[in-house]
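The primary structure of each chain is shown beneath.
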Amino acid sequence: MSARMVILGPPGAGKGTQAARICERLGIPAISTGDIFRANVAGGTELGRQAKQYMDAGEYVPDSVTNAMVADRLAADDAADGFLLDGYPRTEAQVHELDSMLAAAGLSLDVVLEITADAEVVVQRLLGRAAEQGRTDDTEPVIRRRLEVYAEQTEPLAALYEQRGLLVRADGVGALDEVTDRIMSALATRGVTA
Ligand code: AMP
């Protein structure tokens, strides 16, 4: 079915993994702004050059760079019937920007999913991932900074979407399948089913 969705949750909550699983079931593309930035950094593009210094410090890339990239990606054919945005919007300004992008096409969001996880669990997960993948933004001070920035700028978005009646929550701690089942049940309460 078509579904236009946003997934929120702190870094390390398992958003990327769960996003891929949900998208496979729903037949929509998972669009991760972090992945797009990392691919551009790896490819040495102009976009990557503009984003890298912010990513390496655990700070948000400026909206002028990020919004244009998202607008471009949402205009691609595979996103016409739905998408799951992971990592965007991250600030209230980006919420309004996304509203405008969708409204311009006569569209709106169907559901916003918040994955919750204990702060210490996510720090330990991120340190484990740093050891495995060697991401340049996965050192402990940068991880702590990313969590701080998330708490300050992005966590409040859950309340904003809750006021709009769009928010559902699922606990992200547990076995992969168990978490996916929890998420699918939460989405079903908003009429989003596979
Ligand atoms: P992520 O993989 O979603 O944790 O993103 C990794 C990094 O990419 C973030 O720490 C930011 O530097 C940058 N980034 C990703 N999405 C956004 C966004 N919506 N706005 C600003 N910066 C972003």
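The protein chain has the name Adenylate kinase in an unreviewed UniProt entry, where Actinomyces glycerinitolerans is given as its organism. Regarding the protein chain, the relevant UniProt record gives this comment under Subunit (unreviewed entry): "Monomer." UniProt's Function (unreviewed entry) comment on the protein chain is quoted here verbatim: "Catalyzes the reversible transfer of the terminal phosphate group between ATP and AMP. Plays an important role in cellular energy homeostasis and in adenine nucleotide metabolism."

Colleague: Can you walk me through helix α3 (residues 46-57) in this structure?
Modeller: Because each turn of an α-helix spans 3.6 residues, side chains separated by three or four positions end up pointing in the same direction. Three or more residues of α3 are buried, namely Leu-47, Gly-48, Ala-51 and Met-55. Buried positions in α3, seen along its axis, are confined to an arc of 80 degrees and lie on one side of it. Residues of α3 that are exposed and angled more than 90 degrees away from the buried face: Arg-49 and Gln-53. For α3, the secondary structure elements touched by its buried residues are α2 (33-42) and α4 (63-74). Among the residues of α3, the N-terminal cap falls to Thr-45, whose side-chain oxygen and the backbone nitrogen of Leu-47 are separated by 3.4 Å. One or two residues past the end of α3 sits Gly-58, with phi positive at roughly 80 degrees.

Colleague: What exactly am I supposed to notice about the pattern of salt bridges here?
Modeller: Where charged atoms of side chains with opposite charge meet at close range, the side chains can pair. Enumeration over the complete set of coordinates arrives at 13 salt bridges. Residues Asp-99 and Arg-164 are paired through a salt bridge, measuring 2.8 Å at the closest nitrogen-oxygen approach. On the criterion of sequence distance, the pair formed by Asp-99 in helix α5 (residues 92-104) and Arg-164 in the loop between α8 (156-163) and β5 (167-171) is long-range, its members being 65 residues apart. On the basis of relative accessible area, Asp-99 is assigned to the partly exposed category, the value being 25%. Linking Glu-148 and Arg-145 is a salt bridge whose minimum nitrogen-to-oxygen distance equals 2.6 Å. One end of the pair, Glu-148, and the other, Arg-145, are both in helix α7 (residues 140-154), 3 residues apart, so they sit about a helical turn from each other. For Glu-148, a relative accessible area of 41% puts it in the partly exposed group.

Colleague: In this structure, what is going on with the UniProt feature "binding site: ATP" (unreviewed entry) in the protein chain? I would like to understand it.
Modeller: UniProt records the feature "binding site: ATP" (unreviewed entry) for Gly-12, Ala-13, Gly-14, Lys-15, Gly-16, Thr-17, Arg-129 and Gly-174 in the present numbering. Mapped onto the elements, Ala-13 comes out in the loop between β1 (3-8) and α1 (15-26). Owing to a relative accessible area of 2%, Ala-13 belongs among the buried residues under this scheme. The contact partners of Ala-13, leaving out residues within four places of it in the chain, are Ile-115, Ala-117, Val-122, Arg-125 and Gly-172. For Lys-15, the location among the structural elements is in helix α1. Looking at Lys-15, the relative accessible area reads 14%, which means it is buried. Once residues within four sequence positions are removed from consideration, Lys-15 is found in contact with Ile-7, Leu-8, Gly-9, Pro-10, Asp-86 and Ile-115.

Rules used throughout
- Residues numbered from 1 in each chain as written.
- Predicted model: local features only at pLDDT ≥ 70, side-chain atom pairs only at ≥ 80, totals over all residues.
- Heavy atoms only, no water.
- UniProt positions renumbered as here; feature names shortened; annotations may be inferred.
- Buried < 20%, exposed > 50% of the residue type's maximum accessible area, 1.4 Å probe, protein only.
- Helix = DSSP H or I, 4+ residues; strand = E, 2+ residues; numbered from the N terminus.
- Arc of directions from axis to C-beta.
- Contact = heavy atoms within 4.5 Å.
- Polar contact = N/O pair within 3.5 Å; in protein donor to acceptor, adjacent residues only side chain to side chain.
- Salt bridge = Lys/Arg side-chain N within 4 Å of Asp/Glu carboxyl O.

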